[in-house]
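Structure assessment
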Amino acid sequence: MPLRCLSPWAALAIVAGPAAAATPLPPPLATFLDQHCIECHDADMKKGGLDLDALKFDLTDANAFKQWQHVFGRVRDGEMPPAKKEQPAKADAEAFLAGLQEPLLKADAADIAANGRVRSRRLTRTEYEHTMHDLLGIDIPLKELLPEDRASHGFETVAEGQQLSHHQLGRYLDVADQALDEAFDRAFGKEKPFQMHVTPEQQGMFTTGNFRGPNFRDGKCIAWPFGLQFVGRMKATTVPDDGWYRITLRGVHGINPGKDGAVWGTLRSGTGQSSAPMLYMIGLIEATATPRDLVYEGWIQRHHLLELKPNDGTLRRAPTGAKGGNVSYKGRDLAKEGFSGIANTGIDIERIHLNGDRADVWRRLFGETSLKKAPEEVLEKLVTRFATRAFRRPATPEQAAPYVEMARKVIADGKALPDALRTAYRAILCSPRFLTFIEAPGELDDHAIASRLSYAFWVSMPDAQLSKLAAAGRLHEPAVLTQEMDRMLADPKAKRFINSFTDQWLKLNQIDFTNPDTRQFSTFDPVLQESMLQETRAYFTEVLQNNLGITHLVDSDFAFLNGRLLRHYLGDNQTSKPAEKKKPKKDKDKEKTAPEPPPAAWIEKLISAPLVPGEGVQKTKLQPSTSRGGLVTQGAVLKVTADGTSTSPVVRGVFINERILGEHIPPPPPGIPAIEPDIRGATSIRDQLAKHRSNESCASCHNTIDPPGFALELFDPVGGWRTRYGKGDKGAKVDPSGLTPEGDAFADLAAWQKLYTKRPEQLARGFASQFLTYATGAPPRFSNETALGKIIAMSGKTGFGLRSIIREAVLSPVFLAK
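The sections below set out a description of the structure shown in this document. (Residues numbered from 1 in each chain as written. Predicted model: local features only at pLDDT ≥ 70, side-chain atom pairs only at ≥ 80, totals over all residues. Heavy atoms only, no water.)

1. Description of the overall build of the protein
When its secondary structure is counted, the protein shows 27 helices and 15 strands. Buried positions account for 53% of the 818 residues belonging to the protein. Considering only contacts in the protein between residues 6 or more positions apart, those separated by 24 or more positions represent 75%. As displayed, the protein offers around 36200 Å² of accessible surface, 52% of which is attributable to carbon and sulfur atoms. (Helix = DSSP H or I, 4+ residues; strand = E, 2+ residues; numbered from the N terminus. Buried < 20%, exposed > 50% of the residue type's maximum accessible area, 1.4 Å probe, protein only. Contact = heavy atoms within 4.5 Å. Areas by Shrake-Rupley, 256 points an atom, 1.4 Å probe, with all protein chains shown as cover.)

2. With respect to helix α4 (residues 62–76)
Here α4 contains 15 residues, and its C-alpha end-to-end distance of 21 Å stays within 8% of the 21 Å for a straight helix at 1.5 Å per residue. Burial in α4 covers these residues: Ala64, Phe65, Trp68, Gln69, His70, Val71, Phe72, Gly73, Arg74 and Val75. Put simply, Asp61 is the residue that caps the front of α4, since its side-chain oxygen is 3.1 Å from the backbone nitrogen of Asn63. Within two residues after α4, Gly78 carries a phi angle of roughly 75°, on the positive side. (Expected span 1.5 Å × (residues − 1). Polar contact = N/O pair within 3.5 Å; in protein donor to acceptor, adjacent residues only side chain to side chain.)

3. Re the side chain of Ser648
Residue placement: Ser648 occurs in the loop between α20 (635–640) and α21 (649–661). A distance of 3.1 Å separates a polar side-chain atom of Ser648 from the backbone nitrogen of Val650.

4. Overview of the packing of aromatic side chains
Summed over the entire model, instances satisfying the criterion amount to 38 aromatic pairs. Ring geometry for Phe188 versus Trp362: centroids 5.4 Å apart, planes at 70°, classification edge-to-face. Placement of Phe188 in the loop between α7 (166–187) and β1 (195–198) and of Trp362 in helix α9 (residues 358–366) is noted, with a sequence separation of 174 residues between them. Assessed through its relative accessible area of 36%, Phe188 is described here as partly exposed. Using a relative accessible area of 23% as the deciding quantity, one classes Trp362 as partly exposed. Among the aromatic residues, ring-to-ring pairing joins Phe155, Phe457, Phe497, Phe501, Trp505, Phe540, Phe767, Phe771 and Tyr774 into one connected group. Across from the ring centre of Tyr569, 3.7 Å away, lies the NZ or CZ of Arg628, which sits over that ring. (Phe/Tyr/Trp six-rings, centres within 6.5 Å; stacked < 30°, edge-to-face > 60°. Lys NZ or Arg CZ within 6 Å of the ring centre and 35° of its normal.)

5. A closer look at the sheet that holds strand β6 (residues 263–270)
The sheet built from four strands is open, its strands ordered β4-β9-β6-β7 with antiparallel pairing. Lying at the two open borders of the sheet, with one neighbouring strand each, are β4 (233–234) and β7 (279–287). Strands β6 and β7 of the sheet are contacted by helix α18 (residues 526–545), whose axis makes an angle of about 85° with β7. (Pairing = 2+ DSSP bridges. Axes fitted to C-alpha atoms, helices over the stretch in contact; angles between N-to-C directions.)

6. A closer look at empty space enclosed by the protein
Applying the stated criterion across every chain yields a total of seven cavities of 30 Å³ or more. The space that makes up the largest cavity amounts to roughly 70 Å³. When the residues that make up the lining of the largest cavity are grouped by side-chain class, the tally is four nonpolar, three polar and four charged. (1 Å grid on protein atoms, 1.4 Å probe; cavity = no way out; pocket = protein on both sides within 12 Å on 5 of 7 lines; lining within 4 Å. Points joined across faces, edges and corners; volume = space filled by probe spheres on them. Nonpolar A, V, L, I, M, F, W, Y, C, P; charged D, E, K, R; others polar.)

7. Thoughts on unusual backbone geometry
Of note in the backbone geometry, Asn256 takes a positive phi value of approximately 55° without being a glycine. Looking at the element boundaries, Asn256 is found in the loop between β5 (243–255) and β6. Judged by its relative accessible area of 32%, Asn256 is partly exposed. Within the chain, His303 stands out as a residue other than glycine whose phi angle is a positive 70°. Looking at the secondary structure, you find His303 in the loop between β8 (292–300) and β9 (305–310). Looking at His303, the relative accessible area reads 44%, which means it is partly exposed.

8. Describing the pairing of β5
Here β5 lies mainly inside the structure; 11 of its 13 residues are buried. Summarising the sheet, β5 and β8 pair through eight bridges and their orientation is antiparallel. When the bridges of β8 are listed, Tyr245 appears paired with Gly298. The pairing of β5 with strand β11 (residues 346–352) spans seven bridges and is antiparallel. Pairing of Ile247 across the sheet is with Ile349, part of β11. Where β5 and strand β10 (residues 341–344) come together, three bridges link them in antiparallel fashion.

9. A word on the layout of surface pockets
A volume near 1200 Å³ is recorded for the second largest pocket. What lines the second largest pocket is a set of 40 residues, and nearest its centre among them are His153, Glu160, Pro779, Pro780 and Arg781. Broken down by secondary-structure element, the contributors of at least two residues to the lining of the second largest pocket are α4, α5 (90–115), α21 and α25 (760–776). If one sorts the elements of the lining of the second largest pocket by residue count, α4 sits on top with six residues. Its residues assigned to classes, the lining of the second largest pocket comprises 15 nonpolar, 13 polar and 12 charged.

Everything listed is a geometric property; what it means functionally is a separate question.
Here it is as structure tokens:
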């Protein structure tokens, strides 16, 4: 995997002459540098402002090692010396690389043996939340109460970017209190059951403020597409307490469905008031002509209500029929006027607990032990049991003793056994043995392997089976590891991995960071954004679970779409209009009308068969002529790599190189200005980059960055297809052609995809590195190259299937050592 962190000559600019080194630079290396590098980058020339006379050849120094590693990568990849300079003989370059590689390998391996590749790592807030849920049996949201995690190397799990300050410890203590309060309250019978049925007539009632509720008509409740905020809010659906609720919409059907057979809307929760305008997505509504019940599960805050509304940006908005921010249905029949709506015949709301009932919570806190026994009979047993589960390995008597002593003091103060246990549990949940991963340098023991597996695939603590295998010393066996990986990926909890990994790897957790410019993309809507997330996660799940080839990252003959997303990708985003009334024909013999196209004709540019209305995101075969295959062309990926107004080949190019192709891209050298796209579209970004690339310090990196970015310029900031820049595609023409770093020319996106589907080894190496970084808490190092090569070679025997790559990564020493 090429390692790029500096410009080609900047990497060498940090190379010092032998005189400054604590350890003499081997003569062959010094000779090579003198002949090919020093002339332009000595203390006098300082080309690019960089001096090549300051770096020590001290590979025990982390910064020096990193810089020498970059030098190695630049020369190895043929980027040093620059193409315009006289090139070294092949034998000389190979001798230089061999002479530098050996000491680098030895130094890196020695550091890993002494300190481990992964430094001390703590639970991310997502891992913390899932762990607390599985440990205690609760389901209340916790991660939003903790400080945000900072990503390093693209992942929140990487130890290098993590902190654990006194302030953070205080927050963890507060959250532990809330979690234990919830668990103990439920265990001791303080649950509050809640059920209610809301009739169509009740849905339309609103006692205060402007009326913006739905339309009660003919025994049904109908939500229409108005342009006002909080339209569709239903006061009668207000819930009494924070909690998870199951919401069943009865008899849902669409009024005047669109060409995809549905009216698209959203079900959200919130106060429904401008004083607290935030709305929280519960789910999408795909209302077809056939009535059916739709079931959702969502967390709703105390005294929040439901908002149900058509939320498709392509729908024509209905006039409000009233003044002053109100909606009126008096004397109106919006269905006959051609507007689209969503009808239902009632709503059922029920309080639920996702992780089990009261008995489940009790078992997780106390096992099968009776609390009616004398405290001294059960105290140590219960505290040690809880510590063992929390620490993810057997707690020794010495480790459990301080917590047992805390509990005994509470008993001595005259309090009950549950109070004593809660005090001990609270302290355990603030222990470094719970908040961090305890791993010794070298090969991981079986309990550490169990944790690494469970946090990779379940984002949480090991279950009983993993712990049992760890205790038996069997998790280091390849067959057992493979079996457990397959078991875990088949479990519903594997959805956590899908969400957590794609959130970080593909930056899906940043999809809300920018809002599309409403002047350019007026039809972009919450339905479309949520559909994009569902598309990418469903696609990744399909590739993973069926072990499809790694080339599916860049191209495929299938996609996961729903009707709203299909219309967006086909460019059918014009605001819909009611059907016009046909005028009576004056002369049937003279007047001829063209036959109407078949219902499926509009989809034929993209997919080969119609989608089934009401089935949500579904797998569908793409037409051979389309370039919508693969992960890189999906709306979510294209949106998170744009700023909502314009696109940049640099931003998308860096993303594709680092996340998909396995190429690390360094930050730009100091003093190099950013490129600001012409949002009018009058000047193409390619023209601006051409001037930028004329700077020698920028050219080499941009030779790698720009090609995939150019190919993806055919997509606008919200993932729509375009051939020209600017609003309405009236600006400069998009040129998606380019030249790969290896010198392969491509005319457009399809040609770029074709090139990289022939490079499965590169894609597999890039993905393996991304997965190992996520799953272990640190990126692979220089001395891990051999292990990475084996992962690729072994996965190649089964066609470079994505699941095979993950399996070989899990079996590798990179995964199984600190």
